[in-house]
Amino acid sequence: MTIKRRDFLKIGGGLSLGLPLYTCISDKSYNSTSKSSWLAAVEQWIPSVCQACPGGCGIMVRVIDGRAVKIEGNPLHPLNKGKVCPKGQAGLQLLYSPERVRGPLKKIGDRNEERWETISWDEALNTVSAKLQQLRESGKSHTVAFAGKNQQNTTDELVSRFFEVYGSPNFFKFDEWAALKNAYFVSQGIYDLMAVDLHNSRLILSFGANFLSNWPNVMENQRIYGEKRAEGDLKIIQIEPRFSIEASRADKWIPINQGSEGLLALGIASILIKERLFNQAFVERFTSQFNEFRDFILQNIYLDQVSEMTGVPLSTIIEIAKEFHTRQPVVAVSDFNLSYSNKGLFNILAVHSLNALAGNIDSPGGFLRRRQAPLTELPPVTLDSIAKKALSEEEHSGTSGSDLLFPSKNAKDMIDSMLNKSPYGISCLFLSSPGHQFVSFIQKKKADILESIPFIVSFSSFMDETSSLADLILPDTTFYEKWQDHHSSPLSEIPIVGISRPVIQPLYQSRPLESTLLTLAKTMGEDFAQNFPWPDYRELLLYRMKGLFRAKKGSIFSSSYEEAQLRILEERGWWTPQHDSEDAFIKDLLEKGGWQDPSYHFNERSFVYQNNSQRFVFVSSFGIEGVGSNENQENEDYPLRLFLFDLPFTSSDSSSKNMPWYQENLGFRFGLLWKIWVEVNPETAGALGIRDKDIVWVESPQGRIKAVAKIFPGVGPEIVGMPLNKTEYPLASKGEADINDPLHLLEETYDERTGIPDRMSTRVKIYKARRR
Amino acid sequence: MRKWGMVIDLDRCTGCQACVVACKAENNVVFSDPTQEETHRAISWMSVLTVLEGEYPDVKEKYFPRPCMHCENPPCVKVCPVGATYKNPEGIVAQVYTRCIGCRYCTNNCPYTLKYFNYSRPRWSNEMKNLLNPDVSRRQVGVVEKCSFCHHRLQKAKEDARFEKRELREEDYVPACVQTCPTGALIFGDLENPKSEVHRLSKISRAFRLLEELGTEPQVFYLTEGEWHG
């Protein structure tokens, strides 16, 4: 190797500068690399996709001599345009976490203990393959289950394909947005999310929505927030029991009794209807059952009652309604936060009905529906008789036999039905990062799970709660070490496909989940393997990507100027090819990091409304009785209501505890680094004799946990707020960090219609703890 | 000569912490542990300060991202007995770790309390040593450190410009926090250049500086929030 320019920089630069740089200084403590060589370091910037959250922002990873050292945003990626959130910035701590599982592990001895033996990949795969084949031959393939989280990528397709061919209907994906999808299904006939056109809307009426911190498209929303604040053409009203980050950025924060958001929405609707302040043209053309809705509201909704039950002053309700009418275009947004209550679906439907009244569905500045990216579909599977028979078995949804209207899969129900063995027992369970809620239930029921499920395989990359359950760990790599695609969340109206590629070779003996599955498929016999003809996962991805080339729309990531030009052309029906051949297209795709289609086509009615009437359906027939009446209001033993909230950028991911840089900043509003806190109103604290930073116990009938009291005027006197997903140790091994998980305090109540756990109605008391 | 400075638009800041983490990742700042939290010895060159005002339900909160102010008239430089911290010709208050004797005069004299003393050796696990940035030194116990405006990036940009035989452009150099800021609240550039955005913004009526009355003349300007914040 010859000496390059960078060498001179190393030698000369380091000495002459104020800051000692590079490896030229011999003192060991100044060496940030272990390299003793004076040769130039090879620097690369590799485009990839961050998957630390479901967002999928484009990133560029700086790799020096095979070490990934820094992440910056990919400026061409339409979602984040070169910016990265704190979780993404800390991402490399996942890659280089000391908690990584180094290779396949087999549990030895007692299943309740954690004693591991290192085994080879061959042995591990043979064990799994033998087990799967044995179950299949004995006609029990349907008793195999896979639990993972909802991901926007081809892995999902691969896993479901694997289990379809194998013959199991039990592929569980946990989706925290399920309640919102249910709501859109009821009102518009689509089981999907709607995007919010924040760019063009002038008022955001947010019912507890964490659109600046916890949505998958948060980077897009942050950028729009910045631009619109600078222009001054934005108003945000945040309606939420607690003074969240969004509330602090809003023009107005309106505290509300938790769980009564839907009632307030109906109150606003009643003003709009009585004063005829709604969009009559839209209601006539695009909605159905409006008359029933109107009659229902006029007969049942009294504003003074609404005001009393929600705790929002009458004048404020009227003010919001007026503002909602005058500042068009406007959006009324809600998210999964509303679904964690026993009236979740009702709340979300009521909020969404405001959008129909304003006529802002499928219109600029309102709610839009994202098109699917035109990826090649995988070829249809050929099933053998075993698979066909097994697939006809009832799905182990965890909700069988219940009369829920929308059985959405949730962690608690699924685990319960596995433990009750109804409709049948599970004989083999695969776990692949199923999310925080699932994990917290696992911890509660660990012994029962081990007793009723004879064989558990974890794909976890880290030693954590799911891996502690497992009989066998087949460590997946992190997303930095494998090929992956990522499709943008439907919360953003642009279809985006990001390509994530390995920025370094897999560390230790870890192996991508996708290759493990493909390898397993090949061991399962010829009929099985012919459904998986791809030599590796990369080939499978490229096979799907070719659809983007053939679709004749959209383009590979390009500059803002080209993007705008393309949008204008495409919306007028033009499109020009940029590549001669598939190969050239794929090459460019990998270089730039992905594909997008910036155009949006309005007025495609059958795409936005997929119910029979092709109209928005107002719902008035269910869910309203008993709303807002705070059932378990009086309870002398537990006088306070517990309000659990997600911290920024955490959403459902349990891997974030392996990112200390990110974790230590979550308590920045309270100056706390590594402590779980409980937010107490000054008045309440005064009455209980609790001072700021006192250590207190927070106790519910389900248990108690220790926390630091923070006196915070951002919660009402009857509420205490606690964060979820905050760890108390810089690096959490073996679930230590989750001992103090506020989820353990929750009472076991659920939304009557969706079966989603209720986070809102648990009551607690707090009292000072003796220090140590 | 250039004078590098920053403008922070409080209207745009959402307190998301991206700047804080980007800074740590760029500058090899080790994460803290619970003991350091107890003793207030955690290091964070960039922090988001919060100010909470009002009583329930009329609460307001402000976020102030706070890097080193890179004062025109830096109090830390005046007290340094060994010249380990000095004002360089381009306006950056620089820190030479090898000269520092750990007397902590500067940490005590900084009115913004943004200089950090290394009370203990940074604890990097062997795995995490891999993600250290080779452009920035790791610190040793007993030296003071602080925000350098990612000075190593300036050096690199200058080298690149020299290699390409051209003048350094203003946009060639941005600190890590500015590069990652999702809302565009952090703006960086040459305060002396009348055409630059930071120059313009630093002169508008919304601009102010922290503890201006002390006469330290920070090169970091803040823009107050608009009417929406009340």
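Residues numbered from 1 in each chain as written. Chains lettered and ligands numbered in written order. Predicted model: local features only at pLDDT ≥ 70, side-chain atom pairs only at ≥ 80, totals over all residues. Heavy atoms only, no water.

## Details of the packing of helix 5 (residues 154-166) of chain A against helix 21 (residues 513-523) of chain A
Residues and elements named next belong to chain A. Selection rule: All axes here are fitted lines through C-alpha atoms, helices being fitted over the stretch that makes contact, and every angle between N-to-C directions spans 0 to 180 degrees. In this text, helices come from DSSP runs of H or I with a minimum length of four residues, and strands from runs of E with a minimum of two, each type numbered from the N-terminal end. When an angle is under 35 degrees it counts as roughly parallel; over 145 it counts as roughly antiparallel; between 65 and 115 it counts as roughly perpendicular; any other value is oblique. Crossing handedness: left-handed means the near helix sits turned counterclockwise from the far one by under a right angle, and right-handed means the same turn made clockwise. Any two residues whose heavy atoms approach within 4.5 Å are treated as being in contact. Polarity classes work like this: nonpolar for Ala, Val, Leu, Ile, Met, Phe, Trp, Tyr, Cys and Pro, charged for Asp, Glu, Lys and Arg, and polar for all others, with Gly in that last group.
The contact between helix 5 and helix 21 brings their axes to 11 Å, and the two run at 25°. The orientation of helix 5 relative to helix 21 falls into the category roughly parallel. Crossing of helix 5 against helix 21: the hand is left-handed. Taken together, the residues of helix 21 that come into contact with helix 5 (itself represented by T155, L158, V159 and F162) are L513, E514, L517, L518, L520 and A521. Classifying every residue of the contact of helix 5 with helix 21 by side-chain character gives eight nonpolar, one polar and one charged.

## Here's the deal with the interface of chain B and chain A
Definition in use: We define a salt bridge as a side-chain nitrogen of Lys or Arg found within 4 Å of a carboxyl oxygen belonging to Asp or Glu. For this analysis, a polar contact is any N or O atom pair within 3.5 Å, provided that within protein one partner can donate a hydrogen and the other can accept it, and provided that sequence-adjacent residues contribute only side-chain to side-chain pairs.
Contacts between the two partners involve 76 residues from chain B, matched on the other side by 78 residues from chain A. Across the contact surface, chain B and chain A share nine salt bridges. Here R62 of chain A ties to D135 of chain B by a salt bridge, and the two come within 2.8 Å at their closest N and O atoms. The interface formed by chain B and chain A includes 24 residue pairs in polar contact (both at pLDDT 80 or more). Those elements giving two or more residues to the side of chain B that touches chain A turn out to be helix 1 (18-27), helix 2 (34-38), strand 2 (47-55), strand 3 (58-66), helix 5 (151-163) and helix 6 (176-180) of chain B. Of the residues forming the side of chain B that touches chain A, the biggest block, eight residues, is contributed by helix 5 of chain B. The residue inventory of the side of chain B that touches chain A, partitioned by class, reads 34 nonpolar, 22 polar and 20 charged.

## As for helix 21 of chain A
Threshold: Buried means the residue's accessible area, taken with a 1.4 Å probe over protein chains only, is under 20% of the maximum for its type, while exposed means over 50%, and partly exposed covers the values in between.
Turning to helix 21 of chain A, its buried residues are L513, E514, T516, L517, L518, L520 and A521 of chain A. Close packing links the buried residues of helix 21 of chain A with helix 4 (121-137), helix 5, strand 15 (428-432), strand 18 (484-487), helix 22 (526-529) and helix 23 (537-550) of chain A.

## Brief notes about the pairing of strand 3 (residues 67-73) of chain A
Residues and elements named next belong to chain A. We apply this condition: Should DSSP find at least two bridges between two strands, the strands are taken to pair.
By the criterion of burial, strand 3 is predominantly enclosed, with seven of the seven residues buried. Pairing of strand 2 (residues 58-64) with strand 3 involves six bridges; the strand directions are antiparallel. Paired with M60 across the bridge in strand 3 is E72. The turn joining strand 2 and strand 3, which pair antiparallel and follow one another in sequence, is formed by two residues; a positive phi near 50° is taken by D65.

## Description of the environment of I256 of chain A
Residue and element names in this part refer to chain A. Its place among the elements puts I256 in the loop between strand 11 (252-254) and helix 9 (261-274). Through-space distance from the C-alpha of I256 to that of I239 is 6.5 Å; in sequence the pair is 17 residues apart. If near-sequence neighbours (up to four positions away) are discounted, I256 is found in contact with I239, E240, P241, E261, L264, T310 and V312.

## Description of the side chain of H77 of chain A
Residue and element names in this part refer to chain A. For H77, the location among the structural elements is in the loop between strand 3 and helix 2 (86-89). A polar side-chain atom of H77 sits 3.4 Å from the main-chain carbonyl oxygen of G56. Here the side chain of H77 touches N80 through a polar contact of 3.4 Å, side chain to side chain. For H77, the contacting residues outside a window of four places in its chain are G56, C57, G58, I496 and F557.

## With respect to the packing of aromatic side chains
For clarity, the cut-off: Here is the rule: rings of Phe, Tyr and Trp (six-membered ring for Trp) pair when centre to centre is within 6.5 Å. Planes less than 30 degrees apart are stacked, more than 60 are edge-to-face, and the remainder are tilted. For a ring to carry a charge above it, either NZ of a lysine or CZ of an arginine must fall within 6 Å of the ring centroid while also lying within 35 degrees of the normal to the ring plane.
Tallied over the full model, the rule gives 37 aromatic pairs over all chains. Note on F336 of chain A and Y340 of chain A: the rings are 6.3 Å apart at their centroids and 65° apart in plane angle, and the pair reads as edge-to-face. Judged by relative accessible area, which is 1%, F336 of chain A ranks as buried. Measuring from centroid to centroid gives 6.3 Å for F31 of chain B and W124 of chain B, while their planes differ by 90°, and the two rings are edge-to-face. Remark: W124 of chain B occurs in the loop between strand 6 (116-117) and strand 7 (144-145) and F31 of chain B occurs in the loop between helix 1 and helix 2; sequence separation between them is 93 residues. Classification of F31 of chain B as buried rests on a relative accessible area of 11%. A relative accessible area of 8% means that W124 of chain B is categorised as buried. Connected via pairs of aromatic rings, a cluster forms that spans F146, F162, F163, F171, F430, F459, F528 and F532 of chain A. Over the ring of F645 of chain A we find R242 of chain A; its NZ or CZ atom is 3.4 Å from the centre of that ring.

## Things to note about the pairing of strand 1 (residues 4-9) of chain B
Residues and elements named next belong to chain B. Across the six residues of strand 1, six count as buried, placing the element largely inside the fold. Side chains W4, M6 and I8 of strand 1 all project onto a buried face; the interleaved residues G5, V7 and D9 project onto the opposite face, where all are buried too. Note: strand 1 against strand 8 (residues 186-190), five bridges, orientation antiparallel. What sits directly across from V7, in strand 8, is I187. Pairing between strand 1 and strand 10 (residues 220-223): four bridges, direction parallel. From the neighbouring strand, I8 faces strand 10, where its bridge partner is Y222.

## Re the sheet that holds strand 11 of chain A
Residue and element names in this part refer to chain A. Across the sheet, four strands lie side by side as 11-10-9-13; this open sheet has parallel pairing. Edge positions in the sheet fall to strand 11 and strand 13 (330-334), since each of these pairs with one other strand and no more. Strand-to-strand twist across the sheet, computed as the mean angle between neighbouring axes with direction ignored, equals 15°. In this structure, strand 9 (residues 203-207) lies alongside strand 13, joined through five bridges in parallel fashion. Bridge assignment links L205 to a residue of strand 13, and that residue is A332.

## Some words on the domain arrangement of chain A
Frequently, the measure chosen for interface size is the accessible area removed from exposure when the parts meet. Residues and elements named next belong to chain A. In plain terms, the rule: Segmentation into domains, and thus their bounds, comes from an automatic or database assignment. Joining two parts hides part of their accessible area as seen by a 1.4 Å probe, and the buried area is that hidden amount summed over both.
By the assigned domains, chain A splits into domain 1 (1-39), domain 2 (105-177 + 384-476 + 511-533), domain 3 (195-368), domain 4 (548-605) and domain 5 (640-768). Averaged C-alpha coordinates put domain 3 and domain 5 at centres separated by 27 Å. In this assembly, 21 residues from domain 3 lie in contact with 27 residues from domain 5. A combined buried area of about 2100 Å² lies between domain 3 and domain 5, and 54% of that area is made up of carbon and sulfur atoms. Its largest share of buried area at the contact with domain 5, domain 3 owes to R242, Q258 and Y340, together 37% of the area lost on that side. For E679, the salt bridge is made with R242, and the minimal N-O distance between the two is 2.6 Å. Linking domain 3 to domain 5 there are seven residue pairs in polar contact (both at pLDDT 80 or more). Considering every element that reaches the side of domain 3 that touches domain 5, the biggest residue donor is helix 14 (residues 336-339), with three residues. Split by residue class, the side of domain 3 that touches domain 5 holds eight nonpolar, 11 polar and two charged.

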